[in-house]
2 protein chains.
Amino acid sequence: MQIEERLIRHLGHQFSDPVLFSLALTHRSLGMPNNERMEFLGDSVLNMVMAEHIYVRYPKLSEGDLSRLRAHLVCAETLYSIAQDLDLGNYLKLGEGELKSGGFRRQSILSDTLEALIGAIFLDAGFDAARQAILKLYASRIDAVDPVSLSKDAKTTLQEYLQNKHIGLPVYSVIEVSGQAHDQHFEVECYVAAFNLRTKGEGSSRRTAEQAAAQSAYDRVQQP
Amino acid sequence: MQIEERLIRHLGHQFSDPVLFSLALTHRSLGMPNNERMEFLGDSVLNMVMAEHIYVRYPKLSEGDLSRLRAHLVCAETLYSIAQDLDLGNYLKLGEGELKSGGFRRQSILSDTLEALIGAIFLDAGFDAARQAILKLYASRIDAVDPVSLSKDAKTTLQEYLQNKHIGLPVYSVIEVSGQAHDQHFEVECYVAAFNLRTKGEGSSRRTAEQAAAQSAYDRVQQP
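### Let's talk about the overall build of chain A
Reasoning step 1: Looking only at helices and strands, chain A has 11 helices and three strands in total.
Reasoning step 2: Along chain A, helices (α) and strands (β) appear in the sequence α-α-α-α-α-α-α-α-α-α-β-β-β-α when read from the amino end.
Reasoning step 3: Principal-axis analysis of the C-alpha atoms places the extent of chain A at approximately 60 × 45 × 35 Å.
Reasoning step 4: Sorting the 224 residues of chain A into buried and exposed places 34% on the buried side.
Reasoning step 5: Of all intrachain contacts in chain A linking residues separated by at least 6 positions in sequence, the fraction that spans at least 24 positions is 58%.

What follows is the structure in structure tokens.
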């Protein structure tokens, strides 16, 4: 257990039941029992703590903006970056196959394990302890996020809308690039196969042109 | 407030802050402020309380089965049936348009309002109070659910798998029906457009044939 003291310190939670801590680090490649059920639980604890935190922190944000903000905070990429800060790969308990193929570096394994650790803290000491640990782990990410810029992302809005209707994702393609290297102009098409819908967007970068095309597509698919 | 005493009794929670209770019942058709942000919060509280409850109650269920079980319990249909038990439509605060068009009977408005009430209880008195209210509201539904039969649904398993990969949903079609009326035999095709995959299933009902075709499709798309 000695080498795990560093992880425990970073988590900010001293486990009463070390079996929970150990299980949270155990990948399914080692057989049963493993951390998959704990990951399910931890995911829901994380979602709720984030919901509460941003609800209180941003009293003017709409439900849709709160949803987007939370999705950004709890996504696998954010979890993975926190797992890397914790050097979580050093503490994983993996089966031989995963060990050989570098599973301790894999994004999905690391982000799932972090969720399992959150579940383990909740089981060990309850909701308040889990909330405290999550807000400590997330402090710098929460401070860094700009809810206003997130709420303006038309590509995300369109994607969420289509997923909600169980429709395949849109495809973006560059139709034309014109102008000098330092002053380029992009024209991009957004194609939504299920509606056979093509919209165009323009801008000084590929990203802004895609956002414009996504906004136009979103406006069109929303029409009755 | 008198007429709302009955709802409060059914919820099993006496609000310290009646403004929260009132806001939870206020639909966006009345303008701002309304219950939409509270619904976002209540949804996440409900998800977490259910996750914890079934995690503890079913120690042998896999992560996938826990997910399916929770999805069944927190879906709009289940929320709607609980909202009906509470006669929630009688307490809604709706704008004139929604009043005239029967918004107090609409499934989405009622299920969203129940989530908002859960959010309001959490804000009023914290996690344990919200958990207590949720488990009281859900007691008979939780007892009635059979996690084993839920876990055997191949169509759901396939659908979740495809959604997770952002792939459009499968299409089922009956190819052949043979036999007498009391002894029919169905042959059904499952088509997954993204993989151009067609599988067949047979059975004595359309449903069992679809399940067999879905299982076959799921087995195929999972192959590396």
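The rest of the description comes next.
### Notes on unusual backbone geometry
All names here are of chain A.
Reasoning step 1: In this chain, Met-32 is followed by Pro-33 through a cis amide linkage whose omega measures -10°.
Reasoning step 2: Even without being glycine, Asn-196 reaches a positive phi, approximately 45°.
Reasoning step 3: Relative to the elements of secondary structure, Asn-196 occurs in the loop between strand E2 (185-192) and strand E3 (197-203).

### Topic: the environment of Lys-200 of chain B
Reasoning step 1: On the secondary structure map, Lys-200 of chain B appears in strand E3 (residues 197-203).
Reasoning step 2: We classify Lys-200 of chain B as partly exposed; it has 15 C-beta atoms within 10 Å.

### Quick notes on the pairing of strand E2 (residues 185-192) of chain B
All names here are of chain B.
Reasoning step 1: Taking every second residue as pointing to the same face, the buried face of E2 carries Phe-186, Val-188, Cys-190 and Val-192, while none of His-185, Glu-187, Glu-189 and Tyr-191 on the other face is buried.
Reasoning step 2: With seven bridges connecting them, strand E1 (residues 171-178) and E2 associate as antiparallel partners. The residue bridging Val-171 from the neighbouring strand is Tyr-191, located in E2.
Reasoning step 3: Here E1 hands over to E2 after six residues, with Gly-179 in that stretch at a positive phi of 95°.
Reasoning step 4: In textbook terms, the turn of a hairpin is the stretch between consecutive antiparallel strands, and for E2 and E3 this stretch comprises four residues, one of which, Asn-196, has a positive phi near 45°.

### A look at helix H7 (residues 107-125) of chain A
One full turn of an α-helix is made of 3.6 residues, so residues set three or four places apart face in the same direction.
Residue and element names in this part refer to chain A.
Reasoning step 1: With 19 residues, H7 extends 27 Å from end C-alpha to end C-alpha; this agrees with the ideal 27 Å at 1.5 Å per step.
Reasoning step 2: Counting buried positions along H7 yields 15 of 19 residues, so the element is predominantly enclosed.
Reasoning step 3: Two residues or fewer after H7 comes Gly-126, characterised by a positive phi angle close to 95°.

### A short note on the sheet that holds E1 of chain B
All names here are of chain B.
Reasoning step 1: Taken in spatial order, the three strands line up as E1-E2-E3 in an open sheet, and their pairing is antiparallel. Each having just a single partner strand, E1 and E3 make up the two edges of the open sheet. Between one strand and the next, the sheet's axes are offset by a mean angle of 20°, whatever the strand orientation.

### Digging into the interface of chain B and chain A
Reasoning step 1: Listed by partner, the interface residues are 22 residues for chain B and 22 residues for chain A.
Reasoning step 2: Going through the elements one at a time, helix H3 (36-57) and helix H4 (63-74) of chain B are the ones with two or more residues in the side of chain B that touches chain A.
Reasoning step 3: If you tally residues by element for the side of chain B that touches chain A, the top one is H3 of chain B, at 12 residues.
Reasoning step 4: Here the side of chain B that touches chain A is built from residues that sort into 10 nonpolar, seven polar and five charged.

### Observations concerning the domain arrangement of chain A
The parts lose accessible area when they come together, and the size of an interface is often stated as this lost area.
Reasoning step 1: Under the domain assignment, chain A is made up of domain 1 (2-145) and domain 2 (154-222).
Reasoning step 2: Distance between the C-alpha centres of domain 1 of chain A and domain 2 of chain A: 34 Å.

### Looking at the relation of the copies chain B and chain A
Reasoning step 1: Once chain B is rotated about the relating axis by 180° and shifted along it by 0.3 Å, it coincides with chain A to within an RMSD of 0.5 Å. Overall, the copies show the geometry of a two-fold rotation axis. Nearest to the rotation axis, the C-alpha of Gly-168 of chain B is located 2.7 Å from it, this being the minimum over chain B.
Reasoning step 2: Taken together, the interface assignments show that 100% of the residues at the interface of chain B recur at the interface of chain A, consistent with an identical surface on both copies.

### Re the packing of helix H4 (residues 63-74) of chain A against H3 of chain B
Reasoning step 1: Closest axis-to-axis distance for the H4 of chain A/H3 of chain B pair is 8 Å, and the angle between their directions is 35°. Mapping the contact onto sequence places Glu-63, Leu-66 and Ser-67 of chain A in H4 of chain A and Glu-36, Arg-37, Glu-39 and Phe-40 of chain B in H3 of chain B.
Reasoning step 2: For the contact of H4 of chain A with H3 of chain B, the per-class residue count stands at two nonpolar, one polar and four charged.

### Observations regarding the sheet that holds strand E1 (residues 171-178) of chain A
Residue and element names in this part refer to chain A.
Reasoning step 1: Pairing is antiparallel across the open sheet formed by three strands, whose spatial order is E1-E2-E3. One side of each edge strand has no neighbouring strand; the edge strands of this open sheet are E1 and E3. Between one strand axis and the next, the sheet turns through 20° on average, direction left out of account.
Reasoning step 2: Both E2 and E3 contribute to a ladder of seven bridges, which runs antiparallel. Each bridged residue has a counterpart across the sheet, and for Phe-186 the counterpart in E3 is Gly-203.
Reasoning step 3: Strand contacts of helix H11 (residues 206-222): E1, E2 and E3, with the helix running at about 145° to E3, the strand carrying the most contacts.

What counts and how
- Starting from 1, residues in each chain are numbered consecutively following that chain's sequence as written.
- Ligands are numbered from 1 and chains lettered from A, in the order in which they are written.
- The predicted origin of the model limits local features to residues at a pLDDT of at least 70 and limits the giving and counting of side-chain atom pairs to 80 or more, whereas totals for whole chains, interfaces and linings rest on all residues.
- In DSSP terms, a helix is any run of H or I states spanning at least four residues, a strand is any run of E spanning at least two, and both are numbered starting from the N terminus.
- Between the buried cut of 20 or more and the exposed cut of 12 or fewer other C-beta atoms within 10 Å of a residue's own C-beta lies the partly exposed class, and all C-beta atoms are placed from the backbone.
- The contact rule is simple: place each C-beta atom from the backbone, and if two of them lie within 7 Å, those residues are in contact.
- Pairs of strands are assigned from DSSP output, requiring at least two bridges between the strands.
- Expected helix span is given by 1.5 Å per residue-to-residue step, counting one fewer step than there are residues.
- To get an axis, fit a line to the C-alpha atoms, keeping to the stretch in contact for a helix; angles then go from 0 to 180 degrees between the N-to-C directions.
- Residues were grouped as follows: Ala, Val, Leu, Ile, Met, Phe, Trp, Tyr, Cys and Pro as nonpolar; Asp, Glu, Lys and Arg as charged; and all remaining residues, including Gly, as polar.
- Domain start and end points were adopted from an automatic or database domain assignment.
- Copies are brought into register by a least-squares superposition over C-alpha atoms of residues with pLDDT of at least 70 in both.

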